[in-house]
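Observations on chain architecture
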Amino acid sequence: MSRFFPEWLLALLGETAAPGLDAALPYLLGAAVLGYWLGSIPMGVLLSRAFGLGDLTKVGSGNIGATNVLRTGNKAAAALTLLLDAGKGAAAVLIAGLWGPDAAVLGACGAMLGHCFPVWLRFRGGKGVATILGCTLALSWPAGLVCLAVWLGAAALTRYSSVGGLAAAATAPAALWGFGRLEAVGLFVLLALLVWAKHHENLARLLRGQETRIGARSRK
């Protein structure tokens, strides 16, 4: 199981020896901070204001992601939110990756935590689907394409945006494993669980048969 986690984490847990870890720690910390800062930029909120759509936190579910932006009726703003939420995750991975593969994974973790718990919005952020997709694409573009296909396929088949997102998040660790990014698998399992935890209300509505289908009027 140790091969599914980054070397720095295994060293901190005493599982392996990691020569030079002390020298690497500042870079790893920097990767996490950079990822959090990028991830915490509330793209949906900023774009909603720019498009004159009002306060996104008071629309539909109150979530800051692309699905809730779409509930304003502005498809362009929703598409941009989706792309930028994915883009900030990808940017965090690619920039942090300049310090090595372990830093890239930590950048992804920071971006996800920043998106889901942004300090600017009192730690009430999005659900992380687009961001985890962007992180996966940056770590391994084939794995990212697999997740994208699962997302679109599940959403199209069920007409539930939440089902598509949950399926994509669950696929990410397996896809990364399949394409050789073994050091990312363990932490991406945790990130996928975070996405599922952020969807707890959607899961409850799905079980009750009350989840909003794509194109239907929203439920809070």
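Residues numbered from 1 in each chain as written. Predicted model: local features only at pLDDT ≥ 70, side-chain atom pairs only at ≥ 80, totals over all residues. Heavy atoms only, no water.

Let's talk about the overall build of the chain
Using the following cut-off: Numbering of helices and strands starts at the N terminus; helices are DSSP runs of H or I of at least 4 residues and strands are runs of E of at least 2. Partly exposed describes any residue whose relative accessible area lies between the buried limit of under 20% and the exposed limit of over 50%, with all areas from a 1.4 Å probe on protein chains only and scaled to the type maximum. Whether two residues are in contact is decided by their heavy atoms: any pair within 4.5 Å suffices. Only the protein chains shown count as cover for residues, and the accessible areas themselves come from Shrake-Rupley with a 1.4 Å probe.
Looking only at helices and strands, the chain has 11 helices and 0 strands in total. The helix and strand sequence of the chain, counted from the amino end, reads α-α-α-α-α-α-α-α-α-α-α. Within the chain, the fraction of its 220 residues that count as buried is 48%. Sequence separation of at least 24 residues holds for 62% of the intrachain contacts in the chain that already meet a minimum separation of 6. Entry remark: accessible area of the chain is about 10,900 Å², with carbon and sulfur atoms responsible for 67%.

Quick word on the packing of helix H6 (residues 101-116) against helix H7 (residues 129-139)
Short version of the rule: Axis geometry follows a simple rule: fit a line to the C-alpha atoms, using only the stretch in contact for helices, then measure angles between N-to-C directions, giving values from 0 to 180 degrees. Any angle that is under 35 degrees is reported as roughly parallel, and any over 145 degrees as roughly antiparallel; angles of 65 to 115 degrees are reported as roughly perpendicular and all others as oblique. Left-handed describes a crossing whose near helix is turned anticlockwise from the far helix by less than a right angle; the clockwise case is right-handed.
In the contact formed by H6 and H7, the axes pass within 9 Å of each other and the chain directions differ by 170°. Considered as vectors, H6 and H7 are oriented roughly antiparallel to each other. Read as a crossing pair, H6 and H7 show a hand that is right-handed. Taken together, the residues of H7 that come into contact with H6 (itself represented by Ala104, Val105, Ala108, Ala111, Met112 and His115) are Thr131, Ile132, Cys135 and Leu139.

Concerning the nonpolar core
In plain terms, the rule: In this description, a nonpolar core means a group of buried Ala, Val, Leu, Ile, Met, Phe, Trp, Tyr and Cys residues linked to one another through side-chain atoms lying within 4.5 Å.
By size, the foremost hydrophobic cluster in this structure holds 30 residues, and its most contacted members are Ile132, Leu139 and Phe188. Setting aside anything within four residues of it in sequence, one finds Leu139 in contact with Val93, Ala104, Val105, Leu176, Arg181, Ala184 and Phe188. In terms of nonpolar packing, the next biggest core, distinct from the first, is built from 7 residues, Leu56, Ile64, Val69 and Ala77 among them.

Considering the pattern of salt bridges
Put simply, the rule is: Put simply, a salt bridge is a Lys or Arg side-chain nitrogen that is within 4 Å of an Asp or Glu carboxyl oxygen.
Across all of its chains, the model carries 3 salt bridges by this definition. Note that Glu183 is salt-bridged to Arg181, the shortest N-O span being 2.6 Å. Notably, a salt bridge pairs Glu211 with Arg205, separated by 2.8 Å at the nearest N-O pair. Assigned by exposure class, Glu211 and Arg205 land together as buried.

Some remarks on the confidence of the model for the chain
Selection criterion: Within a predicted model, pLDDT stands for the predictor's per-residue confidence, ranging from 0 to 100.
On average, residues of the chain score 88 in pLDDT, and 87% of them reach the 70 mark or higher. Within the chain, the lowest mean pLDDT, 58, falls on helix H1 (residues 7-12), and the highest, 97, falls on H7.

Side note on the environment of Pro42
Along the chain, Pro42 turns up in the loop between helix H2 (21-39) and helix H3 (43-50). Using a relative accessible area of 12% as the deciding quantity, one classes Pro42 as buried. Separated by 72 residues in sequence, Pro42 and Gly114 have C-alpha atoms that sit 9.3 Å apart. Ignoring sequence-local partners within four residues, the contact set of Pro42 consists of Ile64, Trp120 and Leu121.

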